[in-house]
Amino acid sequence: GQQLNQSPQSMFIQEGEDVSMNCTSSSIFNTWLWYKQDPGEGPVLLIALYKAGELTSNGRLTAQFGITRKDSFLNISASIPSDVGIYFCAGSKSGNTPLVFGKGTRLSVIA
Amino acid sequence: EAGVVQSPRYKIIEKKQPVAFWCNPISGHNTLYWYLQNLGQGPELLIRYENEEAVDDSQLPKDRFSAERLKGVDSTLKIQPAELGDSAVYLCASSLETAGVYNEQFFGPGTRLTVL
């Protein structure tokens, strides 16, 4: 099935560094979402974006909905060890259509 | 409030055996989803229920997979017979749907299936 193009695939960073990851699609989505998945758990929603150009923050996390509605990015500032996990972007075309996920960015934080 | 509950958490079976997964959604959530997550991939939708009706099952391999949601609450997903390629994590999610807008999906911890 369709999946979004998410990059990078993995990142190793030092504690305290900022992180940026992005997601692109060949088609338009009306909602962009960012999830985090810890080992042995299901994905947990971090940020939801509903309007093109929207910039939304959740603590140290900031995400933007691209103007073309075909991309989104997630930034994490001042990373800490508990940021370790897999981050997924997901897109929804409307309230009744299924989510399409990216392949994930695996983040490792070195203390 | 309890989240989405799934069982079993882990299952190891031999190929050609049947297997079933169970999901209890968040109380009051009318929409239930089953996703397949292969290693190194994001989740992919298998089937979506609105109450007890399957409204999107286009990605469900119907020759071996079946699902039901009796009374619009709990759901089971069955594979019979299982194949080696079915080894994956099966995630259940639920949401309270309002027409026309995105509604947050809450995911369970998943069932990790290993087929030997």
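Residues numbered from 1 in each chain as written. Chains lettered and ligands numbered in written order. Predicted model: local features only at pLDDT ≥ 70, side-chain atom pairs only at ≥ 80, totals over all residues. Heavy atoms only, no water.

S.K.: Mind laying out the overall build of chain B, listing which residues take part and the relevant values?
M.R.: Within chain B one finds zero helices and 11 strands. When the helices and strands of chain B are listed from N to C terminus, the series reads β-β-β-β-β-β-β-β-β-β-β. Here the C-alpha radius of gyration of chain B, 14 Å, is about what a compact globule of 116 residues would show, namely 13 Å. Its C-alpha atoms give chain B principal-axis dimensions of about 40 × 30 × 25 Å. Expressed as a percentage of its 116 residues, the buried residues of chain B come to 46%. About 5800 Å² of surface is accessible on chain B, with carbon and sulfur atoms providing 51% of the total. With 11 positive and 15 negative side-chain charges, chain B shows a spacing of 8 Å between the two charge centroids. (Helix = DSSP H or I, 4+ residues; strand = E, 2+ residues; numbered from the N terminus. Rg over C-alpha atoms; globule rule 2.2 N^0.38 Å. Buried < 20%, exposed > 50% of the residue type's maximum accessible area, 1.4 Å probe, protein only. Areas by Shrake-Rupley, 256 points an atom, 1.4 Å probe, with all protein chains shown as cover. Lys, Arg positive; Asp, Glu negative; His and termini not counted. Charge placed at Lys NZ, Arg CZ, Asp CG, Glu CD.)

S.K.: Lay out the nonpolar core in plain terms, naming residues and giving numbers.
M.R.: One finds W34, L74 and L107 of chain A to be the most contacted residues of the largest nonpolar core, which totals 22 residues. Each residue touching L107 of chain A, except ones within four places of it in the same chain, is listed here: M11, I13, V19, I76, D83, V84, G85 and Y87 of chain A. (Core = buried A, V, L, I, M, F, W, Y, C linked by side-chain atoms within 4.5 Å. Contact = heavy atoms within 4.5 Å.)

S.K.: Describe the interface of chain A and chain B, naming the residues involved and giving the relevant values.
M.R.: Contacts between chain A and chain B engage 21 residues on the former and 22 residues on the latter. For the pair chain A and chain B, the two sides together bury roughly 1800 Å², of which 49% comes from carbon and sulfur. Where chain A meets chain B, there are zero salt bridges. Summed over the shared surface of chain A and chain B, the number is three residue pairs in polar contact (both at pLDDT 80 or more). For the side of chain A that touches chain B, the secondary-structure elements that each account for two or more residues are β4 (31-37) and β9 (85-92) of chain A. No other element matches β4 of chain A, which puts four residues into the side of chain A that touches chain B. (Buried area = accessible area lost by both parts, 1.4 Å probe. Salt bridge = Lys/Arg side-chain N within 4 Å of Asp/Glu carboxyl O. Polar contact = N/O pair within 3.5 Å; in protein donor to acceptor, adjacent residues only side chain to side chain.)

S.K.: Would you mind going over the packing of aromatic side chains in detail, with residue names and values included?
M.R.: Each aromatic ring pair is specified by the distance between its two centres and by the angle formed by the two planes. Taken as a whole and judged by the stated rule, the model has 10 aromatic pairs over all chains. Judged by centre distance (5.9 Å) and plane angle (90 degrees), the rings of F101 of chain A and Y35 of chain B are edge-to-face. Placement of the pair is F101 of chain A in strand β10 (residues 100-101) and Y35 of chain B in strand β4 (residues 31-37), with the two residues belonging to separate chains. With respect to burial, F101 of chain A and Y35 of chain B carry one shared label: buried. Between F101 of chain A and F107 of chain B, the ring centres sit 6.2 Å apart and the planes meet at 80 degrees, which makes this aromatic pair edge-to-face. Taken together, the residues F101 of chain A in strand β10 and F107 of chain B in strand β10 (residues 106-107) connect one chain to another. Its relative accessible area of 1% is what places F101 of chain A among the buried residues. In this structure an aromatic cluster arises from ring pairing among Y35, F88 and F101 of chain A together with Y33, Y35 and F107 of chain B. Positioned over the ring face of F29 of chain A is K93 of chain A, at 5.2 Å from the centre of the ring. (Phe/Tyr/Trp six-rings, centres within 6.5 Å; stacked < 30°, edge-to-face > 60°. Lys NZ or Arg CZ within 6 Å of the ring centre and 35° of its normal.)

S.K.: Give me the lowdown on the layout of surface pockets, citing residues and values where you can.
M.R.: If you add up the space inside the largest pocket, you get close to 620 Å³. Around the largest pocket, the lining comprises 32 residues; the ones closest to its centre are Q37, I86 and R106 of chain A together with L39 and R112 of chain B. Among the secondary structure elements, those contributing two or more residues to the lining of the largest pocket are β9 and β11 (105-110) of chain A together with β9 (88-95) and β11 (111-115) of chain B. Partitioned by chemical class, the residues of the lining of the largest pocket number 11 nonpolar, 15 polar and six charged. (1 Å grid on protein atoms, 1.4 Å probe; cavity = no way out; pocket = protein on both sides within 12 Å on 5 of 7 lines; lining within 4 Å. Points joined across faces, edges and corners; volume = space filled by probe spheres on them. Nonpolar A, V, L, I, M, F, W, Y, C, P; charged D, E, K, R; others polar.)

S.K.: Quick rundown of the pattern of salt bridges? Include the residues and the values.
M.R.: By the definition in use, this model includes six salt bridges over all chains. Its salt-bridge partner being D83 of chain A, residue R60 of chain A comes within 2.8 Å of it at the nearest N-O pair. Here R60 of chain A, found in the loop between β6 (55-58) and β7 (61-65), pairs with D83 of chain A, found in the loop between β8 (71-76) and β9; they are 23 residues apart in sequence, far enough to count as distant. A salt bridge links D86 of chain B to R64 of chain B; the shortest N-O distance between them is 2.6 Å.

S.K.: Provide a residue-level description of the state of the cysteines, including the pertinent values.
M.R.: This structure, assessed with the given rule, holds two disulfides over all chains. Between the sulfur atoms of C23 of chain A and its disulfide mate C89 of chain A the distance is 1.8 Å. Across the disulfide from C23 of chain A to C89 of chain A, rotation about the S-S bond amounts to roughly 40 degrees, and the bridge is consequently right-handed. Of this pair, C23 of chain A sits in strand β3 (residues 19-24) while C89 of chain A sits in strand β9, and the two are 66 residues apart along the sequence. In this structure, C23 of chain A and C89 of chain A share a single accessibility class: buried. Between the sulfur atoms of C23 of chain B and its disulfide partner C92 of chain B the distance amounts to 1.9 Å. Taking the sign of the torsion about the S-S bond as the criterion, the disulfide between C23 of chain B and C92 of chain B, at about -70 degrees, is left-handed. Taken as a pair, C23 of chain B in strand β3 (residues 19-24) and C92 of chain B in strand β9 lie far apart in primary sequence, 69 residues in all. With a relative accessible area of 0%, C92 of chain B lands in the buried category. (Disulfide = S-S within 2.5 Å.)

That's the geometry; what it means functionally is another story.
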